[in-house]
Amino acid sequence: MTILILIIVLALIFDYINGFHDAANAIATVVATKVLTPFQAVVWAAFFNFLAYWVFGFGVADTVAKTAHTMEINLVVILAGVIAAICWNLLTWWLGIPSSSSHTLIGGFAGAAVAHAIAVHGFSGYIGEDGATHYWYEIVSWYKAGKDGAMPSGVLIIIAFIVLAPLLGALASYLISIWLLNASRKTIGPKIFTAALMIATIVFVYYQMVPYEKIEKPRFDSHFWSVAFEAHNIKWFLVAFIILTVSAFCLIFSSLNLHQADAALKKMQLLSSAAFSLGHGGNDSQKVMGIIAAAVAVYINTNPGVHMDAWLDVVLPNDDLGIKGVMPSWIPLACYSAIAAGTLSGGWKIVKTMGSKITKVSSFEGVAAETAGALTLYFTEHLKIPVSTTHTITGSIIGVGLTKRVSAVRWGVTVSLIWAWILTIPISALLAGLVYFILSVFI
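A quick note: this is a predicted structure, and the numbers were derived from the prediction, not measured.

Caption draft 1: The arrangement of the pattern of salt bridges in detail. Counted under the stated rule, the structure contains 3 salt bridges. Notably, a salt bridge pairs Glu-381 with Lys-235, separated by 2.9 Å at the nearest N-O pair. Taken together, the positions of Glu-381 in helix H14 (residues 363-382) and Lys-235 in helix H10 (residues 231-253) put the pair 146 residues apart, joining distant regions of the chain. Exposure remark for Lys-235: the relative accessible area of 7% places this residue in the buried category.

Caption draft 2: Fine view of a nonpolar patch on the surface. Taken together, the side chains of Tyr-135, Tyr-137, Trp-142, Tyr-143, Leu-156 and Ile-159 present a nonpolar region at the surface, about 570 Å² in accessible area. One can find Tyr-143 in the loop between strand S2 (133-134) and helix H7 (155-183).

Caption draft 3: Examining H14 more closely. Between its first and last C-alpha, H14 extends 28 Å over 20 residues, near the 28 Å set by a 1.5 Å rise per residue. Counting buried residues in H14 gives 18 out of 20 residues, a clear majority hidden from the surface.

Caption draft 4: Fine view of the environment of Trp-179. Secondary-structure assignment places Trp-179 in helix H7. Separated by 67 residues in the primary sequence, Trp-179 and Val-246 place their C-alpha atoms 9.9 Å from one another. Residues in contact with Trp-179, not counting those within four places in the same chain, are Phe-193, Thr-194, Leu-197, Ile-243, Val-246, Ser-247 and Cys-250.

Caption draft 5: Broad picture of the side chain of Asn-233. Looking at the secondary structure, you find Asn-233 in helix H10. Excluding its chain neighbours within four sequence positions, the residues that come into contact with Asn-233 are Gln-208, Met-209, Val-210 and Val-227.

Caption draft 6: Here's a closer look at the nonpolar core. Core analysis: the largest hydrophobic core is formed by 103 residues, its most contacted members being Leu-4, Ile-73, Ile-78, Phe-109 and Ile-291. The biggest single contributor to this core is helix H11 (residues 258-302), with 17 residues. Apart from residues no more than four positions distant in its own chain, Ile-78 is found in contact with Ile-7, Ile-73, Phe-109, Ile-291, Ala-294, Ala-295 and Val-298. Judged by nonpolar contacts, the second largest core, of 8 residues, contains Ile-27, Val-35, Ala-41 and Val-42.

Caption draft 7: Geometry of the packing of aromatic side chains. The tally for this structure, following the rule as stated, stands at 15 aromatic pairs. Centre to centre, the rings of Phe-249 and Phe-253 are 4.6 Å apart; their planes meet at 35°, and the pair counts as tilted. One end of the pair, Phe-249, and the other, Phe-253, are both in helix H10, 4 residues apart, so they sit about a helical turn from each other. Each member of the pair Phe-249 and Phe-253 is classed as buried. Both rings, one in Tyr-436 and one in Phe-437, keep their centres 5.6 Å apart while their planes meet at 70°; by these two values the pair is edge-to-face. A residue is classified by how much of its surface remains accessible, and Tyr-436, at 5% relative accessible area, is buried.

Caption draft 8: Just unusual backbone geometry, in detail. Phi angles above zero are rare outside glycine, and Lys-384 is one such case at about 65°. Looking at where Lys-384 falls in the secondary structure, it is placed in the loop between H14 and helix H15 (389-404). For Lys-384, a relative accessible area of 41% corresponds to the partly exposed category.

Caption draft 9: Molecular detail of the environment of Gly-395. Its place among the elements puts Gly-395 in helix H15. Since its relative accessible area comes to 2%, Gly-395 is described here as buried. Once the C-alpha coordinates of Gly-395 and Leu-167 are considered, the two residues, 228 residues apart in sequence, prove to be 6.1 Å apart. Filtering out sequence-adjacent residues up to four positions away, Gly-395 remains in contact with Pro-166, Gly-169, Ala-170 and Ser-173.

What counts and how
- Residues numbered from 1 in each chain as written.
- Predicted model: local features only at pLDDT ≥ 70, side-chain atom pairs only at ≥ 80, totals over all residues.
- Heavy atoms only, no water.
- Salt bridge = Lys/Arg side-chain N within 4 Å of Asp/Glu carboxyl O.
- Helix = DSSP H or I, 4+ residues; strand = E, 2+ residues; numbered from the N terminus.
- Buried < 20%, exposed > 50% of the residue type's maximum accessible area, 1.4 Å probe, protein only.
- Patch = residues over 30% accessible without salt bridge, like charges linked within 9 Å, V, L, I, M, F, W, Y side chains within 5 Å.
- Areas by Shrake-Rupley, 256 points an atom, 1.4 Å probe, with all protein chains shown as cover.
- Expected span 1.5 Å × (residues − 1).
- Contact = heavy atoms within 4.5 Å.
- Core = buried A, V, L, I, M, F, W, Y, C linked by side-chain atoms within 4.5 Å.
- Phe/Tyr/Trp six-rings, centres within 6.5 Å; stacked < 30°, edge-to-face > 60°.

Printed below as a string of structure tokens:
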């Protein structure tokens, strides 16, 4: 039980570090464009980090918890993974490198699990409880096909999104920038496109809504308020609100003078940064929830017959067996509080990198980048994919830079960041493996 409590404490410390390490993701553009002062920006971002508790489910947490097969590891594995993730996060923060807190946690968890499998079984095959021959590398859930056509999961999917997340962010921000640029012209074509997009958004979001009949635990007696405040529905309402707000601005953009347009864009930056902070809180806090849930599951597996107190009564969902997940409310509340507190602490070295070293950012670019980043995070969270908020917003900033010219992006800085992204998972895995072997000597 002592190790379990230590893991929970360290996981929350990691969540706090994640907050100030990734604070730049949400506040760099609003600070760079002087829409908010640094202090105002971190308070703004921290508030929406915490607000994400009422918006997002636990899909990403489930994916992270199943990075390694919990029946085949012990608590030392998870402890080593968290320690390695904390060390890498602190190092990259000190160097001002916006690496992924998500990927260092996944890499640490997977690396420690592989080290455990090698320590226990060696490199040769062994007979598992199912009677089949297994190998050390199978301890990690590399790939699992989605059920009924759903998105597949596993570490390989997470690795794929090292490339896909920034590309999606860049593509989305590029398209939004082109949309806004065309909307500034006094022609009818962009307005027709915008009106059609508004209609399409309303129809799409309508069909994503969960009706009252399918809500397991309605929050209110009223059908309307229960549907409106269902977490799944709130997320899609936000998607619609973001797109419709930008659309409304596009409809009047051509009638505004330069001063009016800049003032409107600065106000919209508050919305876009808030939306991204929500996505950041929802995406990154869930990863720590997943680690805590995995630790409890491992503790129960390694201590059969143990009676868990209600405050640690965690059950991992299993779609194959029809088991629904259970998580005490204090765990998500603690995780969202920790990341919000970390964001309040700021991460000024990385803010400088994100806000000015990649490309020059104005209110126009800030709105496009943050809106694209937020929408990317919402859709990947819907697919239960733990992507990097750092990669997503960096790709989005690159995307808006490309609308000006290719040379507007400082590719020397960008290439250095990409190398950090590529190396994060393997270095975290190797570090976690080393920490595991050291801990195994003493525990």
